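Architecture at a glance
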Amino acid sequence: MAGSNLKRRLGWLEGVLYVGGVALLAVFFVIRGDEERARQEGIEAFERALQHASASERTVPARSAARTAREEAALPDTLPDDFRLNQDQWNAARVSQYAASLEAGGEPPLGVLRIDKLNVAVPVYDGTGEETLHRGVGRVRGTARIDAVGNLGIAGHRDSFFRPLKDIQEGDRIELRTAAGTVTYSVSSITIVEPEDVSVLAPTPERTLTLVTCYPFYYVGHAPKRFIVTATAEHSLAKT
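This is a predicted model, so every value here is computed, not measured.

**Section: the pattern of salt bridges**
In this structure the tally under the stated criterion is six salt bridges. Across the pair Asp-172 and Lys-117 runs a salt bridge whose closest N-O atoms are separated by 3.0 Å. Of this pair, Asp-172 sits in the loop between strand S4 (151-155) and strand S5 (173-178) while Lys-117 sits in the loop between strand S1 (111-115) and strand S2 (120-126), placing them 55 residues apart in sequence. Put simply, Arg-141 and Asp-126 hold a salt bridge, and the shortest N to O gap is 3.6 Å. A residue pair is termed long-range when its members are at least 10 positions apart, and Arg-141 in the loop between strand S3 (137-139) and S4 and Asp-126 in strand S2 qualify at 15 residues. By sharing partners, the salt bridges in this structure join Asp-126, Arg-139 and Arg-141 into a single network.

What follows is the structure in structure tokens.
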């Protein structure tokens, strides 16, 4: 009798674990499906903007002189707070926030970042707000403008668009396409820093690209470090 009861309990537990596993897989595929849809929509929005722009309009709209001066006058006091909120995997609440960000729309991307070796192609937006990073990756405000000479910081979540960075290596090429043309960068260094270390975003005299995400890539809770990829331009803008 006792053996029979134990078998029934184990069978019930097995069923619960099976259902739970199926539910987790369903959430995972919903997240990945939404992420891919956002990525593709962002790239298509950028392509449409290029197609409809006249030759004289194919530059990133200029901000007011006052705003630009404020942005470029100094380095941010710390890396964006968004990174402290990253989790190891998206949950149902994050999926809902992501869906809401798509419904809300927003400004079109500034460009498209590609790393062919890692099969990365993601739209680049301005800013690193949570809704922005649900849709793609974002320019860190206070760093160089998208088409300007200097150090351009681009941030992304470690558990979505920037997860492939875990496999990047020095010498790998990164392509940034904007309305002004395309710049190809070569990875010069890969470092891991504290969140407060903003020296990685310091201005540079040459065209530099700095990719920022949380580290470790697989970590439960708020990741304590920042993974930094620094790349330098191989050539000037080439019209595309």
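**Here's the deal with the nonpolar core**
Counting 27 residues, the largest nonpolar core has Leu-113, Leu-165, Ile-168, Ile-174, Leu-209 and Leu-211 as the members making the most contacts within it. Broken down by secondary-structure element, the contributors of at least two residues to this core are S1, S2, S4, S5, strand S6 (181-193), strand S7 (208-215) and strand S8 (225-233). Other than its neighbours up to four places away in sequence, Ile-168 contacts Ile-115, Leu-118, Ile-174, Val-187, Ile-190, Phe-227 and Val-229. Of all hydrophobic cores here, the second largest spans seven residues; its members include Val-140, Ala-155, Val-200 and Leu-201.

**Some details on the pairing of S7**
Within S7, seven of the eight residues are buried, leaving the element largely enclosed by the surrounding structure. The sheet contact formed by S4 and S7 spans five bridges and is parallel. Each residue of the ladder has a partner; that of Gly-153, found in S7, is Thr-210. Pairing between S7 and S8: eight bridges, direction antiparallel. Bridging from a neighbouring strand, Thr-213 pairs with Phe-227 of S8.

**Things to note about the environment of Thr-182**
Relative to the helices and strands, Thr-182 is located in strand S6. Take Thr-182: its relative accessible area is 7%, and that puts it in the buried class. As for Thr-182 and Asp-147, which are separated by 35 residues in sequence, their C-alpha atoms are 9.4 Å apart.

**Regarding the sheet that holds S7**
Reading around the barrel, the eight strands line up as S1-S2-S3-S4-S7-S8-S6-S5 and close back on themselves, with mixed pairing between neighbours. The average undirected angle you get between the axes of adjacent strands in this sheet is 30°. Across three bridges, S2 lies against S3 in parallel orientation. Bridge pairing links Val-124 to Val-137 in S3.

**Structural notes on the confidence of the model for the protein chain**
With 54% of its residues at a pLDDT of at least 70, the protein chain reaches an overall mean of 74. Here residues 54-95 scores under 50 on pLDDT; set against residues more than four positions off or in separate chains, the count is 89 contacts.

Cut-offs and rules
- Residues numbered from 1 in each chain as written.
- Predicted model: local features only at pLDDT ≥ 70, side-chain atom pairs only at ≥ 80, totals over all residues.
- Heavy atoms only, no water.
- Salt bridge = Lys/Arg side-chain N within 4 Å of Asp/Glu carboxyl O.
- Helix = DSSP H or I, 4+ residues; strand = E, 2+ residues; numbered from the N terminus.
- Core = buried A, V, L, I, M, F, W, Y, C linked by side-chain atoms within 4.5 Å.
- Buried < 20%, exposed > 50% of the residue type's maximum accessible area, 1.4 Å probe, protein only.
- Contact = heavy atoms within 4.5 Å.
- Pairing = 2+ DSSP bridges.
- Axes fitted to C-alpha atoms, helices over the stretch in contact; angles between N-to-C directions.
- pLDDT = per-residue confidence, 0-100.

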